Amino acid sequence: MAFREFERLSPNRDAAAHERLGALFHHSELGFAETVARMLDPESRVSYHCLIDLDGTRCALVPDAQVAWHAGVSRFLGRDRCNDFLLGVAFAGDTYRAPLSVQQIASALEWLEPRWAQFGWGIGRIADHRQVSPGRKRDLNPAEWDGLIGAIAAHFGRGAPRDRVSGLKSSPRSRRKNHPQFP
Ligand SMILES: [Zn+2]
């Protein structure tokens, strides 16, 4: 499959180098077109790296190498400020009102594919906004998160970094793939 992707660069970004240690998923609440318009409005001061429509079409809003403004106060992998190190991907719509579409999940896998390989991600490098900003944000709907992370695990395997992040004893295989910046 290959979903359409087009670029609309958001002014809401920092040129600071992004660490690209993983991905953080959101839902945008608004529809696709309204969300793109909001990301292009400097007044909103919000952006994602990528927004995924119901039919799987993706809008690239911020280059991966730059910092988008999607997470706010947040913590993951033992660090604050997820914007510095997690790429932000949003599904158009509200996952409490309607489930993710089959195309949205497939498009997210397609988006993840080159990055997973290039940056050495594992399942433990993927989160949603609800998990990194507990009590403050509720996206995604936990049932939709379960579906998404299940699809990611089925597609990519679990990868190594989760062992490190969760403190589980790592296998020789995962030790080889560990990223030393996470004690
Ligand atoms: Zn969010």
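Here, every reference points to the structure presented above.
Per chain, the residues get numbers from 1 upward, laid out in the order the sequence is written. With the structure being a predicted model, the display of local features is reserved for residues of pLDDT at least 70 and the display and counting of side-chain atom pairs for 80 or more, all residues being used for whole-chain, interface and lining totals.

Asker: Before we go on, may I ask you to explain the sheet that holds strand 10 (residues 126-128) in this structure?
Answerer: The criterion for strand pairing is that DSSP finds at least two bridges linking the strands in question. In DSSP terms, a helix is any run of H or I states spanning at least four residues, a strand is any run of E spanning at least two, and both are numbered starting from the N terminus. Taken together, the six strands give an open sheet; going across it, the order is 1-5-4-9-3-10, and neighbouring strands pair in mixed fashion. At either end of the open sheet lies a strand with only one pairing partner, and these are strand 1 (5-7) and strand 10. Strand-to-strand twist in this sheet, taken as the mean axis angle between neighbours without regard to direction, amounts to 25 degrees. By the bridge criterion, three bridges tie strand 4 (residues 50-52) to strand 9 (residues 86-91) in an arrangement that is parallel. Residue pairing for strand 9: Ile52 is matched across the bridge by Phe91. All axes here are fitted lines through C-alpha atoms, helices being fitted over the stretch that makes contact, and every angle between N-to-C directions spans 0 to 180 degrees.

Asker: Mind showing me how you'd approach the environment of Ala92 here?
Answerer: Note on placement: Ala92 falls in the loop between strand 9 and helix 2 (102-119). Buried residues are those with 20 or more other C-beta atoms within 10 Å of their own C-beta, exposed residues have 12 or fewer, and partly exposed residues lie in between; C-beta atoms are placed from the backbone. Assessed through the 24 C-beta atoms surrounding it within 10 Å, Ala92 is described here as buried.

Asker: Sorry, what's going on with helix 1 (residues 32-40) here?
Answerer: Quick reminder: α-helices carry 3.6 residues per turn. Residues three or four places apart thus point the same way. Of the positions making up helix 1, those classed as buried are Phe32, Thr35, Val36 and Met39. All buried residues of helix 1 project into a common sector of 100 degrees when viewed along the axis, lining one side. For helix 1, the exposed residues lying more than 90 degrees away from the buried face are Ala33 and Glu34. Any pair of residues counts as being in contact when their C-beta atoms, constructed from backbone geometry, are within 7 Å of one another. Residues of helix 1 that are buried make contact with strand 4, strand 5 (58-60) and strand 9. The directions from the helix axis to the C-beta atoms form the arc being described.

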